[in-house]
Amino acid sequence: MKIALLLAAYGSANPYSQRAIYSFGAMCRQKFPHFPVRWAFTSLLLRERMANMRRKSDSVRKALERLWHEKCERVAIQPLQAIPGHEYQQVCNAVGEVASARKMRCAIGRPLLSTPCEAPEVARALLAHLPADRKSDEDVVLMGHGARHEACSLYNYLAIELARLDKRVYLGTMSPPNELETIIPSLVSEVVWLMPLLSVVGKHAINDMAGSAADSWRSRIEAAGRRCNPVLKGISEYASVADLWLGNLGKAVDFLKD
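Everything numeric in this text was worked out from a predicted model, so none of it was measured.

Within the structure shown, the criterion is met by three aromatic pairs. Between Tyr22 and Trp39, the ring centres sit 6.0 Å apart and the planes meet at 90°, which makes this aromatic pair edge-to-face. Taken as a pair, Tyr22 in helix H1 (residues 15-31) and Trp39 in strand S2 (residues 37-41) lie far apart in primary sequence, 17 residues in all. A relative accessible area of 36% means that Tyr22 is categorised as partly exposed. For Trp39, a relative accessible area of 10% gives the class buried. Ring geometry for Trp39 versus Phe41: centroids 6.1 Å apart, planes at 5°, classification stacked. There is no split in this pair, since Trp39 and Phe41 are both buried. The lysine or arginine in question, Arg102, covers the ring of Trp68, its NZ or CZ lying 3.9 Å from the ring centre. Between Arg105 and the ring centre of Phe255, over which it is positioned, the NZ or CZ distance is 4.9 Å.

Locating Phe32 in the fold gives a position in the loop between H1 and S2. Taking the relative accessible area as the measure of exposure, Phe32 reaches 9% and is therefore buried. Linking Phe32 and Leu249, residues 217 residues apart in sequence, is a C-alpha distance of 9.8 Å. Leave out the neighbours within four places in its chain, and Phe32 touches Leu5, Leu246, Leu249, Gly250 and Val253.

The next thing to look at is the side chain of Ser219. Structurally, the position occupied by Ser219 is in helix H8 (residues 217-223). A polar atom in the side chain of Ser219 sits 3.4 Å from the backbone oxygen of Ser212. Ignoring sequence-local partners within four residues, the contact set of Ser219 consists of Gly211, Ser212, Ala213 and Ala214.

One finds Leu5, Leu126, Leu158 and Leu162 to be the most contacted residues of the largest nonpolar core, which totals 56 residues. Broken down by element, the residue count for this core peaks at nine residues, all from helix H9 (residues 239-257). Setting aside anything within four residues of it in sequence, one finds Leu158 in contact with Leu113, Ala119, Val122, Ala123, Leu126, Leu171 and Leu197. Ranked by size, the runner-up nonpolar core spans 18 residues in total, among them Ala40, Ala63, Val95 and Met104.

For the rest of this paragraph, the subject is unusual backbone geometry. Phi at Lys71 is positive, roughly 70°, even though this residue is not glycine. On the accessibility criterion, Lys71 (66% relative accessible area) is exposed. For Lys103, which is not glycine, the phi torsion reads 60° and is therefore positive. Within the secondary structure, Lys103 sits in the loop between helix H4 (86-102) and strand S4 (105-108).

Each value, and the rule that gives it
Residues numbered from 1 in each chain as written. Predicted model: local features only at pLDDT ≥ 70, side-chain atom pairs only at ≥ 80, totals over all residues. Heavy atoms only, no water. Phe/Tyr/Trp six-rings, centres within 6.5 Å; stacked < 30°, edge-to-face > 60°. Helix = DSSP H or I, 4+ residues; strand = E, 2+ residues; numbered from the N terminus. Buried < 20%, exposed > 50% of the residue type's maximum accessible area, 1.4 Å probe, protein only. Lys NZ or Arg CZ within 6 Å of the ring centre and 35° of its normal. Contact = heavy atoms within 4.5 Å. Polar contact = N/O pair within 3.5 Å; in protein donor to acceptor, adjacent residues only side chain to side chain. Core = buried A, V, L, I, M, F, W, Y, C linked by side-chain atoms within 4.5 Å.

As far as function goes, none of this settles anything; it's purely spatial.
Here it is as structure tokens:
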């Protein structure tokens, strides 16, 4: 029985973010030293850009096909998403199609937050990595991606847990119902820390969160009279958060061993 591991992320062309992605892969290899580890990127635009640079970039389907040709009978897939939204579902659909066509046995690890009961654990993992220079009375705003998907309700549970553990920490998303406008009236500190609730730092963190354009989160908070300190670091770089994804992957591996 040959088991392989497939890590699925949106991806990024940013060199720093690419290093962060592959650092997570190194953590995966350290935890599961006996299994080959492969990557798949869900962003078509990113895959096209990497192909133009003559760099390997597989979709989930292509990565699974490669593993099938390598005689891998079973594959554990871990998507690096925060919630089971559209992107996570796309990964599940692709896995299901290839597994059915190739008669492969696959198991998919859960995202970071898949049920409300996981919110306390995820909140603790995130709060363990607040900026060291942040004072306890300074506001922190986490920026999630968000989507028009029922799974977005999970952000509300996480926001409640974050506030319960640290009343100055807020969670917003780039789409309703947790948009920044609902948070700005609650900000009271002179300095506000901005942190992405995204696996790696890409265009959303660099432009939408920390950018200089008038519609960025940084600009809108500063327009309200606050000073922003953006933290350009993805949550896959946080050990306690990475451990949650790796734990979910471990459960998928255990399922394939039965």
